[in-house]
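Listed below are the residues making up each chain.
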Amino acid sequence: MQDIQTHTLVIPGVDLVYDVRGPLPPTGAHRALLMIGQPMTAEGFTALAPHFTDRTVLTYDPRGLGRSVRKDGRSDHTPQQQAADLHALVEALDVGPVDLFASSGGAVTALELVATHPGDVATLVAHEPPINAVLPDATAAERARAGFYEAYQAKGSGAGMAAFIAMTSWQGEFTDAYFAQPTPDPAMFGMTADDDGSRDDPLLSQNSWAITDYRPDAGLLTAAPTRIVVAVGEESAGTYTARTALGLAALLGQEAVVFPSHHGGFLGGEFGYAGKPEEFAARLREVLDAG
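As annotated in an unreviewed UniProt entry, the protein chain carries the name Pimeloyl-ACP methyl ester carboxylesterase and is attributed to Micromonospora vinacea.

Draft legend 1. Highlighting the pattern of salt bridges. By the definition in use, this model includes 15 salt bridges. Its salt-bridge partner being arginine 74, residue aspartate 76 comes within 2.6 Å of it at the nearest N-O pair. We note a salt bridge from arginine 243 to aspartate 137, for which the minimum N-O separation is 2.9 Å. Taken together, the residues span a long stretch of sequence, with arginine 243 in helix H8 (residues 240-251) and aspartate 137 in the loop between strand E7 (121-127) and helix H3 (138-155) at a distance of 106 residues.

Draft legend 2. Structural detail: the packing of H3 against helix H4 (residues 157-169). Their axes nearest at 6 Å, the elements H3 and H4 cross at an angle of 160°. Taken together, the axis directions place H3 and H4 in an arrangement best described as roughly antiparallel. Handedness of the H3/H4 crossing: right-handed. Taken together, the residues of H4 that come into contact with H3 (itself represented by Ala141, Ala144, Arg145, Phe148, Ala151, Tyr152 and Lys155) are Ser157, Ala159, Gly160, Ala163, Phe164 and Met167.

Draft legend 3. How the structure looks around the UniProt feature "domain: AB hydrolase-1" (unreviewed entry) in the protein chain. Using the residue numbers shown here, the UniProt feature "domain: AB hydrolase-1" (unreviewed entry) corresponds to residues 39-132. Secondary structure across residues 39-132 comprises 29% helix and 20% strand; the distance between its end C-alpha atoms is 17 Å.

Draft legend 4. Examining H4 more closely. Taking 1.5 Å of rise per residue, the 13 residues of H4 would be expected to cover 18 Å, and the 18 Å separating its terminal C-alpha atoms lies within 8% of that figure. Every buried residue of H4 is listed here: Gly158, Ala159, Gly160, Ala162, Ala163, Phe164, Ala166 and Met167. The secondary structure elements touched by the buried residues of H4 are H3, helix H5 (176-179) and H8.

Draft legend 5. View of the nonpolar core. Counting 44 residues, the largest nonpolar core has Ile36, Leu100 and Leu124 as its most contacted members. In terms of residue count, helix H2 (residues 105-116) provides more of this core than any other element does, seven residues in total. Not counting chain neighbours up to four residues away, the residues in contact with isoleucine 36 comprise Phe45, Tyr60, Leu86, Leu100, Phe101, Ala102, Ser103, Gly106, Thr109 and Ala110. Phe52, Phe101, Ala281 and Leu288 belong to the second-largest nonpolar core, a separate cluster that totals 19 residues.

Draft legend 6. A look at the environment of glycine 147. Residue placement: glycine 147 occurs in helix H3. Between the alpha carbons of glycine 147 and leucine 135 there is a distance of 18 Å; along the sequence they are twelve residues apart.

Draft legend 7. Highlighting the pairing of strand E3 (residues 33-36). On E3, burial covers both faces: Leu33 and Met35 on one face and Leu34 and Ile36 on the other are all buried. Alignment of E3 against strand E6 (residues 98-103), held across four bridges, turns out to be parallel. Its bridge partner lying in E6, leucine 34 is registered against leucine 100.

Draft legend 8. Representation of the packing of helix H1 (residues 79-93) against H2 in the model. The interhelical angle for the contact between H1 and H2, taken along N-to-C directions, is 65°, at an axis separation of 8 Å. With respect to their mutual orientation, H1 and H2 come out roughly perpendicular. As H1 runs across H2, the sense of the crossing is right-handed. Side by side, H1 and H2 meet where Pro79, Gln80, Gln82, Ala83, Leu86 and His87 of the first sit next to Val108, Thr109, Glu112 and Leu113 of the second. Tallied by class, residues from the contact of H1 with H2 come to five nonpolar, four polar and one charged.

Draft legend 9. Here's a closer look at the packing of aromatic side chains. Within the structure shown, the criterion is met by twelve aromatic pairs. Ring plane angle 70° and centroid distance 5.2 Å describe the contact between tryptophan 170 and tyrosine 178, whose orientation is recorded as edge-to-face. When the ring of phenylalanine 174 is compared with that of tyrosine 178, the centres are 5.0 Å apart and the planes differ by 65°; the resulting orientation is edge-to-face. For the pair phenylalanine 174 and tyrosine 178, one class covers both residues: buried. Over the aromatic face of phenylalanine 259 sits the side chain of arginine 283, whose NZ or CZ is 5.9 Å from the ring centroid.

Draft legend 10. Representation of the pairing of strand E4 (residues 57-60). Burial along E4 is two-sided: the face carrying Val57 and Thr59 and the face carrying Leu58 and Tyr60 are both buried. As judged from the three bridges shared by E3 and E4, these two strands associate in the parallel manner. Residue pairing across strands places methionine 35 opposite threonine 59, the latter belonging to E4.

Cut-offs used in this document
Along each chain, residues carry numbers from 1 onward, in the same order as the chain's sequence is written. At least 70 in pLDDT is required for a residue's local features to be given in this predicted model, at least 80 for side-chain atom pairs to be given and counted, and no such filter applies to totals for whole chains, interfaces and linings, which use all residues. The side-chain values count all of the structure's non-hydrogen atoms but skip hydrogen atoms and water molecules. We define a salt bridge as a side-chain nitrogen of Lys or Arg found within 4 Å of a carboxyl oxygen belonging to Asp or Glu. Secondary structure elements follow DSSP: runs of H or I no shorter than four residues count as helices, runs of E no shorter than two count as strands, and numbering proceeds from the N terminus. All axes here are fitted lines through C-alpha atoms, helices being fitted over the stretch that makes contact, and every angle between N-to-C directions spans 0 to 180 degrees. By the definition adopted for this analysis, an angle is roughly parallel if under 35 degrees, roughly antiparallel if over 145, roughly perpendicular if from 65 to 115, and oblique otherwise. By convention the crossing between two helices is left-handed if the near helix lies anticlockwise of the far one by an angle smaller than a right angle, and right-handed if it lies clockwise. What makes two residues a contact is simply this: any of their non-hydrogen atoms within 4.5 Å. UniProt positions are given in the numbering used here, feature names are shortened, and annotations may be inferred rather than shown by experiment. How far a helix is expected to stretch is found by multiplying one less than its residue total by 1.5 Å. The buried label applies to any residue whose accessible area, calculated with a 1.4 Å probe on protein chains only, is under 20% of its type's maximum; exposed applies above 50%, and partly exposed to all values in between. Residues grouped as a nonpolar core are buried Ala, Val, Leu, Ile, Met, Phe, Trp, Tyr and Cys residues, joined through side-chain atoms within 4.5 Å. In this description, strands pair whenever DSSP reports at least two bridges between them. Following the grouping adopted for this structure description, the nonpolar residues are Ala, Val, Leu, Ile, Met, Phe, Trp, Tyr, Cys and Pro, the charged ones are Asp, Glu, Lys and Arg, and the polar ones are all others, Gly among them. Aromatic contacts are taken between Phe, Tyr and Trp rings whose centres are within 6.5 Å, Trp giving its six-membered ring; a plane angle under 30 degrees counts as stacked, one over 60 as edge-to-face, and the others as tilted. Sitting over a ring, as applied to charges here, requires NZ of Lys or CZ of Arg to be within 6 Å of the ring centre and within 35 degrees of the ring normal.

This is the structure:
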């Protein structure tokens with residue numbers, strides 16, 4: 001097992017905490033492998049990272065999440081700011097270009113990084129980025145997002161998360177049938193309806209709407225030297241993030257590559273959302289090595 005070294009990069013507005021597995025600078029034939037998520041922190045990669053002992057693996061807590069304490073007085077999470085933070089990290093460690101595995105909102109950040117600093121990334125594997133603009137029913141997706149936000153504002157995190165799960169597990173476009181459903185009960189998903197009064201959850205509040213509102217620039221992305229691979233989970237078929245992955249792939253003139261499991265396919269059981277991390281890692285290695 002690789003030792004994990006934790007460091008802090010002090011940049012304007014945040015003390016950015018990151019973890020390093022393996023040597024710096026990287027040795028051997030492989031580039032450093034950066035793994036990112038949003039609103040996931042570095043701990044989300046504890047099941048995946050150990051499968052890459054032949055690489056230097058970098059993980060981090062995005063600005064304002066986990067251990068990365070922000071000092072800019074803001075609460076919003078934007079792909080632009082997070083991409084700037086990642087560029088600062090890659091530059092400070094002098095490890096570019098890196099290979100980058102990015103999941104969910106982290107994949108949106110990664111697209112912005114490639115668009116603005118294309119020399120930072122050799123291969124990007126963008127796993128199920130939630131981008132409304134690439135959907136044919138983008139307006140309905142925004143309405144569905146507003147639905148779980150309103151449930152959160154009215155009744156707290158249990159109600160908001162139940163509505164979020166209902167949205168992200170819905171099959172196909174958001175039709176009248178979707179909006180005609182009753183608001184789901186948190187108990188349906190094993191959650192409490194208790195309300196602690198907080199309304200700043202990065203997933204359920206409006207703090208991360210800039211992520212799903214992101215509009216990828218196909219011209220910049222296809223012109224970049226970065227090899228971009230759009231990934232979709234085999235068990236995600238028909239769901240919101242599977243459809244956004246397919247939409248992004250089509251925008252870039254490619255087909256999505258199928259990965260094992262679902263949206264959290266690389267997670268271990270400690271998050272209650274277990275995927276198939278060993279199989280996922282094997283597929284990721286295959287895709288990276290192909291580049």
